[in-house]
Amino acid sequence: MEFVVIGGDAAGMSAASRAKRNRPHLNVTVFEKTRDVSYSA
């Protein structure tokens, strides 16, 4: 199963990490248009 997140800010990374924790088999992909992403999620 695929899970795609648009936006690597705090909310996007929080959604990605929560999805991966709840369903470890998911393929999680995050798209961000800048070079900066949030690592605080």
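In this report, the structure presented in the accompanying data block is examined.

Every other side chain in a regular strand lies on the same face of the sheet, so the side chains alternate between the two faces. As paired elements, strand E1 (residues 2–6) and strand E2 (residues 27–31) share five bridges and run parallel to each other. When the bridges of E2 are listed, Ile6 appears paired with Phe31.

Here we come to helix H1 (residues 10–22). The first and last C-alpha atoms of H1 sit 18 Å apart over 13 residues, in line with the 18 Å expected at 1.5 Å per residue. Burial in H1 covers these residues: Gly12, Ala16 and Ala19. The buried residues of H1 occupy an angular sector of 65 degrees when projected down its axis, which confines them to one face. Residues Ala11, Arg18, Arg21 and Asn22 are exposed on H1 and point more than 90 degrees away from its buried face. Buried positions along H1 lie against E1 and E2.

Parameters at a glance
- Residues numbered from 1 in each chain as written.
- Predicted model: local features only at pLDDT ≥ 70, side-chain atom pairs only at ≥ 80, totals over all residues.
- Heavy atoms only, no water.
- Pairing = 2+ DSSP bridges.
- Helix = DSSP H or I, 4+ residues; strand = E, 2+ residues; numbered from the N terminus.
- Expected span 1.5 Å × (residues − 1).
- Buried < 20%, exposed > 50% of the residue type's maximum accessible area, 1.4 Å probe, protein only.
- Arc of directions from axis to C-beta.
- Contact = heavy atoms within 4.5 Å.

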